[in-house]
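# A look at the structure
Here is how the chains run, residue by residue.
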Amino acid sequence: MRRAAIFVSLALLAGCSQESERTYTVDEFVADAELLARTISQCRDNPGELRNTPNCRNAEAADGRLRLQNMRKALGG
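The following paragraphs examine the structure supplied in this document. (Residues numbered from 1 in each chain as written. Predicted model: local features only at pLDDT ≥ 70, side-chain atom pairs only at ≥ 80, totals over all residues. Heavy atoms only, no water.)

With that out of the way, let us pick up helix 5 (residues 54–74). Its 21 residues place the ends of helix 5 30 Å apart at the C-alpha level, agreeing with the 30 Å of an ideal helix rising 1.5 Å per residue. Buried within helix 5 are the following residues: Asn55, Cys56, Ala59, Ala62 and Asp63. All buried residues of helix 5 fall inside an arc of 125° around its axis, so they share one side. Contact partners of the buried residues in helix 5: helix 2 (26–31), helix 3 (33–45) and helix 4 (47–50). Immediately downstream of helix 5, the backbone of Gly76 shows phi near 85°, a positive value. (Helix = DSSP H or I, 4+ residues; strand = E, 2+ residues; numbered from the N terminus. Expected span 1.5 Å × (residues − 1). Buried < 20%, exposed > 50% of the residue type's maximum accessible area, 1.4 Å probe, protein only. Arc of directions from axis to C-beta. Contact = heavy atoms within 4.5 Å.)

Structure representation (structure tokens):
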């Protein structure tokens, strides 16, 4: 009986825990400008909590990659 109570308690706790956010790759951010803009905005609005999350790091890397691509195009390269 005691094991059943522990199992039920653990199942309830697991059900109540927050679902982890999907992690996007740099290439996914490069391909989806709206997703990139939304993620960059969220990361910059709350840098204390989100700065080191995988999505924020990947979004910043994608933003940097897109900036370099745009500069190359502007310079004729």
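After presenting the structure, the write-up continues.
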